[in-house]
Number of protein chains: 2
Amino acid sequence: MTPTDTTLTDKHIIAVLGGTGAEGSGLAYRWARAGHDVIVGSRDLAKAMACADELNALPGAGSIRGMSNDDAARAATLAVLTVPYTAQRATVAPLAEALQGKILVDVTVPLKPPKVDRVALPEGGSAVAALQAELGPGVRVVAGFQNVSAHHLKNPDHPIDCDVLICGDDREACDVVVELARTAGFHAIHAGPVANAAAAEALTSLLIFINKRYKVPSSGLRITGLPA
Amino acid sequence: MTPTDTTLTDKHIIAVLGGTGAEGSGLAYRWARAGHDVIVGSRDLAKAMACADELNALPGAGSIRGMSNDDAARAATLAVLTVPYTAQRATVAPLAEALQGKILVDVTVPLKPPKVDRVALPEGGSAVAALQAELGPGVRVVAGFQNVSAHHLKNPDHPIDCDVLICGDDREACDVVVELARTAGFHAIHAGPVANAAAAEALTSLLIFINKRYKVPSSGLRITGLPA
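A. Spotlight on the overall build of chain A. The helix and strand inventory of chain A stands at eight helices and nine strands. For chain A, whose C-alpha radius of gyration is 16 Å, the value lies close to the compact-globule estimate of 17 Å for 228 residues. Relative to its full complement of 228 residues, chain A shows a buried share of 56%. Restricting the contact set of chain A to residue pairs at least 6 apart, pairs at least 24 apart contribute 75%. Accessible area of chain A: about 9,100 Å², with a carbon and sulfur share of 55%. Across chain A, the 20 positively charged side chains and the 23 negatively charged ones have centroids separated by 8 Å.

So this is what it looks like as structure tokens:
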């Protein structure tokens, strides 16, 4: 039986699929440090295990496991997808059954190399809309974390100066992900239905442009005007 | 002869086209208060003059003029377009000749009532891309101010807690608009080519969603990680 009905109070088993890159491994580390049970998934089991070993050597980690994406998706109660845009759908298609009933957090940004500082909207407006269409309504897709630079994620003393915009059509799933982000030190905000992720995804190209234009390593964004 | 080649150091004659609404009149007021020569334009001359009178009664204004959009576009060295999305192209088409060689700042947000808190990307990704196509390369189109809530613009003591994302293909024109924004108390950031305005436009629906979800009057955004 696959675990379903993730609720706000569950202890999560988080699988970061395609989690060996800078963004995925950084998020995996932040969640492990916050006490979650974290799995790094990869197409390549050896790479996943090596990445887990590396993360476990960082302060506050220690129990991150490495698995194939398939095993990671099965073992998880909640999955996070951190692969380059070109690999997004091929990574997820074989995992559809393993992800049924679970929350899948899509971090994909539809960058179009080499001009990654220029917005290139995918058909349908966002990468996550295509993902939800691919997986069907049985997977609770939520978009988020697209604007968080990997730059400081593995430095546990560095606060992340970037809000996380959470978009999804499943309100309860969004609440779970907002809370999950909070536990790892992120300020997350529910920013609307999955259609609204088009803005969050596209915004990453603006931040990359701003990094170059103003010669900074990792610009981000904060939503203003909210209650303290 | 129409004034052309606006540079960073010119004193501007700013025409806010469709400037009788909350956003346009608020921006007109902020610029007048900063010492610029400001014209409020409208399809309806009487409405433009009434709006100018109203603004001139506010502290620090006094010399704002009301004109037809056509006269305003001709008199201006720099124009700002603040009309609802549905009126954008019809407003601008007759002004193409008057705007040749000038900077046109497009504030249009492609909202789709009644669900204005949901991103609805126009064909081509942004409202401003269609505008630039309509007007041709002779008008120096720059997108900006889409995320600035009208809420506090006419309260001169209220600082605007929202950065302005400036997008355009004409680098010099973007620099002019960044500086123009600065003179009126806005923190403006060059955020890339006109293609990047898709993100800034779409972001407004997220801010409207956030206003409702978190019960605040005017959320905004700040870019973080920049030099102080």
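B. Expanded view of helix α8 (residues 197-213) of chain B. Residues and elements named next belong to chain B. The terminal C-alpha atoms of α8 lie 25 Å apart, and with 17 residues this matches the ideal 24 Å at 1.5 Å per residue to within 8%. Most of α8 is tucked away: 14 of the 17 residues are buried. After α8 finishes, the residue K215 shows a positive phi value of roughly 55°.

C. A look at the interface of chain A and chain B. Taken together, the contact pairs 39 residues of chain A with 39 residues of chain B. Both faces considered, chain A and chain B share a buried interface measuring about 3,100 Å² in area, 66% of it formed by carbon and sulfur atoms. Three residues, L206(A), Y214(A) and T224(A), lead the burial of chain A against chain B; their summed loss comes to 17% of the area buried on that side. In this structure, the connection of chain A to chain B is made through two salt bridges. Here R213(A) makes a salt bridge to D175(B), at a shortest N to O gap of 3.5 Å. For the pair chain A and chain B, the number of links is 15 residue pairs in polar contact (both at pLDDT 80 or more). Elements that contribute at least two residues to the side of chain A that touches chain B include exactly α7 (171-183), β8 (188-190), α8 (197-213) and β9 (220-224) of chain A. Ranked by the residues each element gives to the side of chain A that touches chain B, the list is headed by α8(A), at 10 residues.

D. Structural detail: the relation of the copies chain A and chain B. Under the fitted operation, chain A is carried onto chain B by 0.0 Å of movement along the axis and a turn of 180°, and the coordinates agree to an RMSD of 0.0 Å. What the superposition gives is, in effect, a two-fold axis relating one chain to the other.

E. Seen up close, the environment of G41(A). Residue and element names in this part refer to chain A. Within the fold, G41 resides in strand β2 (residues 37-42). G41 sits in the buried class, given a relative accessible area of 0%. Sequence-wise, G41 and G66 are 25 residues apart; in three dimensions their C-alpha atoms are separated by 6.0 Å. Not counting the four nearest positions on each side in its chain, G41 is found in contact with V16, L17, G18, G19, T20, A48, M67, S68, N69 and A72.

F. Geometry of the state of the cysteines. Residues and elements named next belong to chain B. Tallied over the full model, the rule gives zero disulfides over all chains. Between C162, a cysteine without a disulfide, and C167, which holds the nearest cysteine sulfur, the sulfur-to-sulfur distance is 13 Å. With no disulfide partner, C174 has as its closest neighbouring cysteine sulfur the one in C167, 7.4 Å distant. With a relative accessible area of 0%, C174 lands in the buried category.

G. Region of the structure containing helix α6 (residues 127-135) of chain B. Residue and element names in this part refer to chain B. Residues A127, V128, L131 and L135 constitute the buried set of α6. All buried residues of α6 fall inside an arc of 90° around its axis, so they share one side. In the core, the buried residues of α6 are packed alongside β4 (78-81), α4 (88-92), α5 (96-99), β5 (103-106), β6 (140-143) and α8.

H. Looking closely at the sheet that holds β2(A). All names here are of chain A. Strand order in the open sheet made by the six strands is β3-β2-β1-β4-β5-β6, with parallel pairing throughout. Looking at which strands have only one partner, the edges of the open sheet turn out to be β3 (65-68) and β6 (140-143). Ignoring which end each strand starts from, the neighbouring axes of this sheet average 25° apart. In this structure, strand β4 (residues 78-81) lies alongside strand β5 (residues 103-106), joined through four bridges in parallel fashion. For L78, the partnering residue across the bridge sits in β5 and is I103. Relative to the sheet, α7 contacts β1 (13-17), β4, β5 and β6, its axis offset from that of β6 by approximately 50°.

I. Geometry of the side chain of S25(B). All names here are of chain B. With respect to the secondary-structure elements, S25 resides in helix α1 (residues 22-33). Separated by 2.7 Å, the side chains of S25 and K154 make a polar contact. If near-sequence neighbours (up to four positions away) are discounted, S25 is found in contact with G19, T20, C51, L55 and K154.

Conventions adopted
- Residues numbered from 1 in each chain as written.
- Chains lettered and ligands numbered in written order.
- Predicted model: local features only at pLDDT ≥ 70, side-chain atom pairs only at ≥ 80, totals over all residues.
- Heavy atoms only, no water.
- Helix = DSSP H or I, 4+ residues; strand = E, 2+ residues; numbered from the N terminus.
- Rg over C-alpha atoms; globule rule 2.2 N^0.38 Å.
- Buried < 20%, exposed > 50% of the residue type's maximum accessible area, 1.4 Å probe, protein only.
- Contact = heavy atoms within 4.5 Å.
- Areas by Shrake-Rupley, 256 points an atom, 1.4 Å probe, with all protein chains shown as cover.
- Lys, Arg positive; Asp, Glu negative; His and termini not counted.
- Charge placed at Lys NZ, Arg CZ, Asp CG, Glu CD.
- Expected span 1.5 Å × (residues − 1).
- Buried area = accessible area lost by both parts, 1.4 Å probe.
- Salt bridge = Lys/Arg side-chain N within 4 Å of Asp/Glu carboxyl O.
- Polar contact = N/O pair within 3.5 Å; in protein donor to acceptor, adjacent residues only side chain to side chain.
- Least-squares fit on C-alpha atoms with pLDDT ≥ 70 in both.
- Disulfide = S-S within 2.5 Å.
- Arc of directions from axis to C-beta.
- Pairing = 2+ DSSP bridges.
- Axes fitted to C-alpha atoms, helices over the stretch in contact; angles between N-to-C directions.

None of the figures reported here should be taken as evidence of function without further support.
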